[in-house]
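# A look at the structure
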Amino acid sequence: MTAAPTRQVRVAPPLWRSGNLIWNFAQRDLKSRFKGSALGWAWSLVVPLASLGIYAVVFGILFRGELPVLPGYGKPLFVVWLFAGLTAWTFFASSINAGISGLIGTGALLKKIYFPSYAPVLGTTLAQGIQSLIELGLYLAVLLVLGNLGWTWLLIPVWVLVLVVFVASMATALAILNVYVRDLAHLVAVALQLLFFATPIIYLLKIVPTSWHGIPMRLLIEWTPMSTFVSVLRDLSYCLTVGDWRKWAAMVAWTLAALGFAYVVVRRRGPDVGEAL
């Protein structure tokens, strides 16, 4: 009886040893993102600003809820309140979609040269993060012009760090799992659409019914992952308050859960991605 062939187990190098590789993938994504377009990197501002304008006109007229007062401006300003939510959401959704397509796109290369499966995903997340930082900088610049500046801005880098870890973890886990279950990409696209409307970005949480057929709708929406991130950013930058400590705790808890999820997926499924592509 012949012995069964021994399966070679590939062990991915630690994340800190893959920094150059991740940065190379990020550079490749950044160079190709607007290649051949007339406006180039200007599209990174044109597209989100166009979306912001559409939402501001449509939902600013339809949903006239009582927004918090912008302290430095003296009255509520819907477009700025909306800008905060869209900035956080765009980074999340774009990184998830780009991570899934980015890993699939490196299939031919991964079959020839072994590298950690998380590298192209983190590279696209980093590239998307650079673009989102531009949007965040523009948002903060608008607040600065309006005189809405406070010491709570010092906590925004902490918020950014936690968001990046959460988004990178989710993008990595979903991108790797999509290699084995290709329907996952379509399910993620539908889930992102549902999650967008299940996050108080274009509406106030107070308009959500407390209960719907026995389901605590407002409670569920308030504590979804992106709801906590959006709420904390608005507290720090728009309202100039630290906000509810429970939102901070939930934000960190969601991030730790996502990080653990990504760790398990990378260890169990990551090494065999090249064979599955």
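For the structure itself, look to the data block above.
Structural notes, computed from the coordinates. All figures in this text were calculated on a predicted structure; none of them were measured in a lab. (Residues numbered from 1 in each chain as written. Predicted model: local features only at pLDDT ≥ 70, side-chain atom pairs only at ≥ 80, totals over all residues. Heavy atoms only, no water.)

A word on the nonpolar core. Core analysis: the largest hydrophobic core is formed by 66 residues, its most contacted members being I96, Y139 and W159. When contributions to this core are tallied by element, the ones reaching two or more residues are α3 (78–105), α5 (118–145), α6 (156–180), α7 (184–197), α9 (225–238) and α10 (245–269). Ignoring anything within four residues of it in the chain, the contact list for Y139 reads V80, F83, A84, T87, S237 and Y238. (Core = buried A, V, L, I, M, F, W, Y, C linked by side-chain atoms within 4.5 Å. Buried < 20%, exposed > 50% of the residue type's maximum accessible area, 1.4 Å probe, protein only. Helix = DSSP H or I, 4+ residues; strand = E, 2+ residues; numbered from the N terminus. Contact = heavy atoms within 4.5 Å.)

Between side chains of opposite charge, pairing is possible as soon as their charged atoms come close. Going through the model one piece at a time under the given rule, you end up with 2 salt bridges. In this structure, the salt-bridge partner of K247 is E222, at a minimum N-O distance of 3.7 Å. Of the two residues, K247 is situated in helix α10 and E222 in helix α8 (residues 217–222); the sequence distance between them amounts to 25 residues. Of the charged contacts, one joins D244 and R246 as a salt bridge, the two residues approaching to 2.7 Å between their closest N and O atoms. (Salt bridge = Lys/Arg side-chain N within 4 Å of Asp/Glu carboxyl O.)

Attention now goes to the environment of L67. Relative to the helices and strands, L67 resides in the loop between α2 (43–62) and α3. Judged by relative accessible area, L67 falls into the buried class, the value being 14%. With 10 residues separating them along the chain, L67 and L77 place their C-alpha atoms 7.7 Å apart. Contacts of L67, omitting those with residues within four sequence positions, involve P76, L77, F78, W81 and L204.

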